[in-house]
Amino acid sequence: MSDNKPGQAVPAPGHAHDGTDRSEHPATGQDSINEDQQMQHGSRHHTSSGDGRGELDHASMGHGAMHHMQSQATGPQKFVVGLASVLALVVALIFSATYANLSISAPEVEGAVMPPGMIMTYDSPAEAMRDMAAVNPRAVSYTAPADARGDQPLQPHIENGVKVFDLETSVIKWNILPHEQVMAYAFNHQVPGPRIRITEGDRVRINVTNHLPESTTVHWHGLIVPNAMDGPAEIPSANQPAYDLEYTIQLQEWLEREGYTYPAMLMEGGLPNYFTINGKAYPATDTITMRVGQKLLVRFIGSNNNFVHPMHIHGGPFEVVARDGESIPPSARFLADTVNVGPGRRYDVIWQAREPGKWLIHCHIPHHTTNNNVEEQGGGGLTLIINVTP
Ligand SMILES: [Cu+2]
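Residues numbered from 1 in each chain as written. Predicted model: local features only at pLDDT ≥ 70, side-chain atom pairs only at ≥ 80, totals over all residues.

Focus on helix α2 (residues 75–97)
An α-helix turns once per 3.6 residues; consequently, residues spaced three or four apart project the same way.
Okay, step 1: Between the first and last C-alpha of α2 there are 33 Å, a value that for 23 residues agrees with the 33 Å anticipated at 1.5 Å per step.
Okay, step 2: A small share of α2 lies buried, amounting to zero of its 23 residues. (Helix = DSSP H or I, 4+ residues; strand = E, 2+ residues; numbered from the N terminus. Expected span 1.5 Å × (residues − 1). Buried ≥ 20, exposed ≤ 12 C-beta atoms within 10 Å, placed from the backbone.)

Next comes the structure, spelled out in C-alpha cells:
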C-alpha cells in the first residue's frame, strides 16, 4: 500500500501499479480487493487535501467538500450567549429542586419503578421510594402455571419424631385471572402459601429459606411461640424493669408534606403518611412494661377519622371484655388476637404476659406501621412495644 501515492490514478482491478503482470491472480482475487481499498483510502485523503489534482471520479463518492464558515460573532457576544445558557441551566435546576429530590442518585433507588400518580416531593427519601416501588421484574425466579392453586397441603418429613416442614420464599409470577399476572412474594411458589396441618401435641420444626430480594422473618398467628421465634427481627429481645397494668390506645392519621398538615382522607391525594398512637408515631410511642403472668387491660379507642385499623397483639390471644363501652358478660367474652378498630369503635381487651420479651401491639396494615413510608427500628406509626420481664 505504501507505493500508492495519494491521488494517484487507480489501476484497473487485477493489475498491480508497478506494471508487473499478475495474471496468476484472477481479476476478482485478493490483490484486486486490496487495491480497491487503497483506492478508497486514497480518495478520502485526496479530497480533503483539496488540491484538485488527479481527482478522477473520487469527489463524487461523497467524502469531499468541507466548508469552512467564518464566525461573525464577537467575543462579548459569545460570552453573553454562553452566560445566558449557564443561567438558564441553573434556573432549571433550582426550579426542579423545589418539587423533586435531586439528591437521590440512580444507585440509591436501584432502578425503582414508582406507581403512576404517586406524589414524590423534594423531601421524599430514596428509602421511601424503594419501599413503595414496584416489585422488580428481574427478581422473579419462577412462573407458576396459570391454573396453579395456593394453600396446598405441605407434607413434612420426620426427623427423630419431629415433623419438619420446609418453607421457601421467592418472587414469582402468579395468575390472579387467566389473563392477569402479578408478581408476588410467595411461599413455596404459591399464593397463598402452603397449608401446614398439625395435630395438637406434635413437635414441629419449620425451616424457612429466604430467596426474596430482601431479608424477612415469619411471624405466627395461632401459635404461642417463644419470643425469639416471634418474628419481628429488627426489634431485639431484651428485658427492662418496671410494669403497668392498664393502657389506653387512641389512634390518629396525618397527612404531612413539606411543612403543611392536611386533613388525612380516604381519597386520592389525601391519603395519610403518618399514623400515631396517643399522638406519637413509633419509635416515639410509649413502651408498656410488665412482668410475666401479669394481665394488661388495653383500651383501644377509634379516635381515628377515616381508616379501620386491625389492631393486633403478639404473644398469644387476648380476651375481648368490652365493646363500644359495653361490658361483655363473662359467658360471651371471646378470644382474639386482632380487633378492627374503626372510627368511633372501642374495644377493651385483656392480654396476659406469657413469656418475657418485647411483644408488639400494632396495626396490621403495613402502610400504617411506617413513617412517611419509611420503617424506623423495625416499624413505625401504629406500633408499640410491651416489654415483659420475667
Ligand atoms: Cu391501620
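There is more to say, and it comes next.
Examining the nonpolar core
Okay, step 1: By size, the foremost hydrophobic cluster in this structure holds 29 residues, and its most contacted members are L296, V298, F300, I361 and I386.
Okay, step 2: Those residues in contact with F300 that sit more than four places away from it in its chain are I249, M311, V339, V341, R346 and Y347. (Core = buried A, V, L, I, M, F, W, Y, C linked by C-beta atoms within 7 Å. Contact = placed C-beta atoms within 7 Å.)

A word on the sheet that holds strand β18 (residues 383–389)
Okay, step 1: Across the sheet, five strands lie side by side as β9-β18-β17-β11-β15; this open sheet has mixed pairing. For this open sheet the edge positions go to β9 (287–291) and β15 (338–341), each flanked by a neighbour on one side alone. Strand after strand, the sheet turns through a mean of 20 degrees between neighbouring axes, direction not considered. (Pairing = 2+ DSSP bridges. Axes fitted to C-alpha atoms, helices over the stretch in contact; angles between N-to-C directions.)

Focus: the environment of Q152
Okay, step 1: Relative to the helices and strands, Q152 is located in the loop between β1 (140–143) and β2 (157–159).
Okay, step 2: Between the alpha carbons of Q152 and I196 there is a distance of 8.7 Å; along the sequence they are 44 residues apart.
Okay, step 3: Those residues in contact with Q152 that sit more than four places away from it in its chain are Q190, P194 and R195.

Focus on the environment of P310
Okay, step 1: Within the fold, P310 resides in strand β11 (residues 309–313).
Okay, step 2: A count of 15 C-beta atoms within 10 Å places P310 in the partly exposed class.
Okay, step 3: The spatial distance from the C-alpha of P310 to the C-alpha of V339 is 5.4 Å, given a sequence separation of 29 residues.
Okay, step 4: Sequence-distant contacts of P310, defined by excluding residues within four places in its chain, comprise T338, N340, C363, H364 and I365.

A look at the pairing of strand β12 (residues 318–323)
Okay, step 1: Bridge count between β12 and strand β14 (residues 334–336): three bridges; the pairing is antiparallel. In the strand pairing of β14, E319 is matched with L335.
Okay, step 2: Across two bridges, the pairing between β12 and strand β13 (residues 326–327) is antiparallel. Considered in β13, the bridge of R323 is made with E326.
Okay, step 3: Between the antiparallel neighbours β12 and β13 lie two residues, among them D324 with a positive phi of about 50 degrees.

Fair warning: the whole summary comes from geometry, so function is off the table for now.
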